[in-house]
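Notes for the structure review
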Amino acid sequence: MTISTPDPARGDEIVALDRTHVFHSWSAQGALSPLPIAGAEGSYFWDYAGNRYLDFSSQLVNVNIGHQHPKVIAAIQEQAGRLATVAPQHANDVRSEAARLISELAPPAHNKVFFTNGGADAIENAVRMARLHTGRHKVLSAYRSYHGNTATAVTLTGDPRRWPNEAGMAGVVHFFGPYPYRSPFWSTSDEQEADRALEHLEQVIQFEGPQTIAAIVLESVVGTAGVLIPPAHYLAGLRELASKYGIIYVADEVMSGFGRTGEWFAFNHFGVEPDLIAFAKGVNSGYVPVGGVIISDEIAATFDDRVFPGGLTYSGHPLAAASIVATINTMREEGIVENAKTVGERVLGPGLQELADRHQVIGEVRGFGVFWALDLVKDRQTREMLVPYNAAGAANAPMVELVGAC
Ligand SMILES: Cc1ncc(COP(=O)(O)O)c(C=O)c1O
C-alpha cells in the first residue's frame with residue numbers, strides 16, 4: 001500500500017475550507033475539527049500528515065468490502081464511461097442485474113427491489129408499502145434502535161436523535177426489544193428474555209389495536225444502539241406475532257446486512273423471513289449512495305394494478321447499480337461473508353474477550369462476524385453503565401477520554 005506523500009499544509013487548508021462551508025451531520029458546528037482524509041485502501045485510511053489509521057468502524061459501518069476495491073472502482077469507471085445516469089422509468093441493464101442479484105440473496109418469494117438513495121428512505125418507503133398494503137396506519141419499532149434521518153425513519157428511531165425531530169409522523173409506537181445484559185424484563189436467561197419480550201410486544205399490539213398496525217420495523221441485530229443480538233427464538237416469535245395479527249414485518253438490514261454478521265442478512269441466523277427488507281450500506285460499501293427495499297411477492301402484487309405513490313429521481317442510478325453488481329459478485333468470489341464469520345470467531349471474539357479479562361471496565365463482550373460491542377460499566381457486579389444513557393458534558397467525560405485514547 002502506498003500512502004500519499006504527507007502534505008500537512010494541504011490538510012490544514014482542507015479543514016479551513018470545511019469549517020467555512022461544510023455543514024456537518026448531528027453536530028454543533030462550532031466545536032468541530034474534522035480529520036482530513038487523503039486516501040484509503042483495504043482496511044486503512046490516511047491523513048495529510050502521513051498517519052495511517054486502521055478503519056475499525058468501516059467509516060459508518062458500511063465499507064464491508066474495504067476501501068477502493070479495484071473491481072468495484074473499475075465497474076463504476078466503466079459504467080461512467082458508458083451511461084452515467086438514466087431516469088428511473090427506463091429499463092437499464094445494470095439496474096436489472098443488481099435487483100436480480102439482491103433478490104437471489106433474499107428469501108424465496110422476494111423477487112422485486114425498489115431502489116432508494118440510502119437507508120432512511122428505504123425505511124420510509126417500506127413503511128409506505130406496508131401501510132398501503134394493509135390499509136392500516138400505525139407502525140411499531142424498538143426503543144433501542146436507529147432507522148435513519150427522514151421524517152418517518154427518525155420518528156421510528158428510538159435513540160435520542162428522535163427527540164428534537166419528533167413532530168415527523170403520527171402513529172409510531174415504541175416497544176422494548178430483548179437486551180439480556182440489561183433486561184427491561186428482569187429476566188435471568190436468554191430464553192426468558194425472549195419469552196418476556198414477546199409477551200410485552202403482544203400486549204403492545206393488543207393495547208394499540210392489531211387492526212390499526214401496519215408494520216413492525218426492527219433491526220435484525222440492533223446496531224448503533226449497542227449491537228444487540230436477539231436471543232435465539234425472538235425473531236421467530238416476532239414473525240409469528242406479525243403473521244397472527246396481519247402485520248408486515250420489516251427487517252432493517254441497513255447496518256446488519258451484506259456480510260456484517262457473517263451472513264448475507266442477519267435474519268438468516270434466526271431462520272425467519274421478513275416481508276420487507278430495508279438495505280443500504282454494505283450492498284455496495286457506500287462507493288455510490290444507494291439503498292432499497294426487497295419486497296415480498298405478495299406485497300409487490302398489491303401494486304400490480306394499483307399505483308405505488310412513491311419515487312426518486314435517482315432510484316436505481318446506474319453508477320450505484322454497477323457498484324452493487326461488482327460488490328456482490330466480488331464478495332461471492334472472495335468469500336468475504338464467510339471471512340467475516342471466521343474473523344469474528346477466530347480474531348475479534350477471542351481478542352475482545354482477552355481485553356475483557358484484563359479490564360474491569362468491560363462488562364460484556366457481544367457480537368458475531370465483524371459486528372461487536374463492549375458494554376462498558378462502572379462496576380461489573382451492579383452493571384452500572386460507565387456513563388448514563390445519553391450522557392453529555394462532564395457526565396460523559398470517561399467516554400470522551402476512552403474514545404480519545406483509541
Ligand atoms: C439500522 C439503520 N437503519 C437505517 C439507517 C439510515 O441509513 P442512511 O444513513 O443511509 O440513511 C442506518 C444508518 O446508520 C442504520 O444503521
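Residues numbered from 1 in each chain as written. Predicted model: local features only at pLDDT ≥ 70, side-chain atom pairs only at ≥ 80, totals over all residues. Heavy atoms only, no water.

Before going further, it helps to examine the environment of Arg-95. Residue placement: Arg-95 occurs in helix H4 (residues 93-105). Measuring from C-alpha to C-alpha, the distance between Arg-95 and Pro-36 comes to 34 Å, with 59 residues separating the pair along the chain. Beyond its immediate sequence surroundings of up to four residues, Arg-95 is in contact with Val-86, Ala-87, Pro-88, His-90, Phe-115, Ser-315, Gly-316 and Ala-321. (Helix = DSSP H or I, 4+ residues; strand = E, 2+ residues; numbered from the N terminus. Contact = heavy atoms within 4.5 Å.)

Turning our attention to the pairing of strand S11 (residues 362-368). The element S11 is extensively covered by neighbouring structure, given that 5 of its 7 residues are classed as buried. Bridging between S11 and strand S12 (residues 371-379) involves 6 bridges; their strand directions are antiparallel. By the bridge assignment for S12, Arg-366 is matched with Ala-373. (Buried < 20%, exposed > 50% of the residue type's maximum accessible area, 1.4 Å probe, protein only. Pairing = 2+ DSSP bridges.)

With antiparallel pairing, the 3 strands of this open sheet are ordered in space as S1-S2-S3. Because the sheet does not close on itself, it has two edges, and the strands there are strand S1 (37-41) and strand S3 (52-54). Along the sheet, successive strands turn relative to each other by an average axial angle of 25 degrees, direction set aside. Pairing of S1 with strand S2 (residues 44-47) involves 4 bridges; the strand directions are antiparallel. Residue pairing for S2: Glu-41 is matched across the bridge by Tyr-44. (Axes fitted to C-alpha atoms, helices over the stretch in contact; angles between N-to-C directions.)

Let us look at the pattern of salt bridges. Tallied over the entire structure, the rule returns 19 salt bridges. A salt bridge links Glu-384 to Lys-378, with the shortest nitrogen-to-oxygen separation between them at 3.5 Å. Note on Lys-378: relative accessible area 54%, which makes it exposed. In this structure, a network of salt bridges that share partners links the residues Glu-97, Arg-100, Glu-104 and Arg-332. (Salt bridge = Lys/Arg side-chain N within 4 Å of Asp/Glu carboxyl O.)

Next up on the list: helix H5 (residues 119-134). Here H5 is 16 residues long and its end C-alpha atoms lie 23 Å apart, about the 22 Å a rise of 1.5 Å per residue gives. Buried residues dominate H5, accounting for 12 of its 16 residues. When H5 is considered as a whole, its buried residues turn out to be Gly-119, Ala-120, Asp-121, Ala-122, Ile-123, Glu-124, Asn-125, Ala-126, Val-127, Met-129, Ala-130 and Arg-131. A positive phi of about 70 degrees marks Gly-135, the residue just after H5. (Expected span 1.5 Å × (residues − 1).)

Across the sheet, which stays open at both edges, the 3 strands sit in the order S11-S12-S13 with antiparallel pairing between neighbours. Each edge of the open sheet is held by one strand with a lone partner, namely S11 and strand S13 (384-385).

Glycine aside, residues mostly have negative phi angles, and peptide bonds mostly take the trans form. Unusually for a residue other than glycine, Phe-258 sits at a positive phi of about 55 degrees. Mapped onto the elements of the fold, Phe-258 is located in the loop between strand S8 (248-252) and strand S9 (276-279). Of the residues examined, Phe-258 reaches a relative accessible area of 0% and is grouped as buried. Phi is positive for Arg-383, which is not a glycine, with a value near 65 degrees. Relative to the elements of secondary structure, Arg-383 occurs in the loop between S12 and S13. A relative accessible area of 34% means that Arg-383 is categorised as partly exposed.

With that settled, consider the pairing of S9. Because side chains alternate across S9, one face comprises the buried residues Leu-276 and Ala-278, and the other comprises Ile-277 and Phe-279, equally buried. Of the pairings in the sheet, the one linking S8 to S9 comprises 3 bridges and is parallel in character. When the sheet's bridge partners are listed, Ala-251 is paired in S9 with Ile-277. Sheet topology places S9 next to strand S10 (residues 291-295); 4 bridges connect them, and they run antiparallel. Its bridge partner lying in S10, Phe-279 is registered against Gly-292.

Before going further, it helps to examine the nonpolar core. Inside soluble globular proteins, nonpolar side chains tend to come together where they are buried. Counting residues in hydrophobic clusters, the biggest one holds 59 residues, and the most contacted among them are Ile-102, Phe-115, Leu-140, Phe-175, Leu-201, Ile-205 and Tyr-234. Discounting chain neighbours no more than four positions away, the residues touching Leu-201 are Leu-140, Phe-175, Ile-216, Tyr-234, Leu-238 and Leu-241. Residues Ala-120, Leu-156, Val-254 and Leu-276 belong to the second largest nonpolar core, which totals 28 residues. (Core = buried A, V, L, I, M, F, W, Y, C linked by side-chain atoms within 4.5 Å.)

Another point: the environment of Met-169. For Met-169, the location among the structural elements is in the loop between helix H6 (151-156) and strand S6 (172-175). Among the residues examined, Met-169 registers a relative accessible area of 11% and is labelled buried. C-alpha separation for the pair Met-169 and Lys-138, spaced 31 residues apart in sequence, amounts to 9.8 Å.

Below, the discussion takes up the packing of aromatic side chains. Throughout the structure, instances matching the rule amount to 10 aromatic pairs. Each ring, one from Phe-258 and one from Trp-264, has its centre 6.1 Å from the other, and the planes form 85 degrees; the classification is edge-to-face. Like Phe-258, the residue Trp-264 is buried in the burial classification. With a centroid separation of 5.3 Å and an interplanar angle of 75 degrees, the aromatic rings of Phe-258 and Phe-265 are classed as edge-to-face. (Phe/Tyr/Trp six-rings, centres within 6.5 Å; stacked < 30°, edge-to-face > 60°.)

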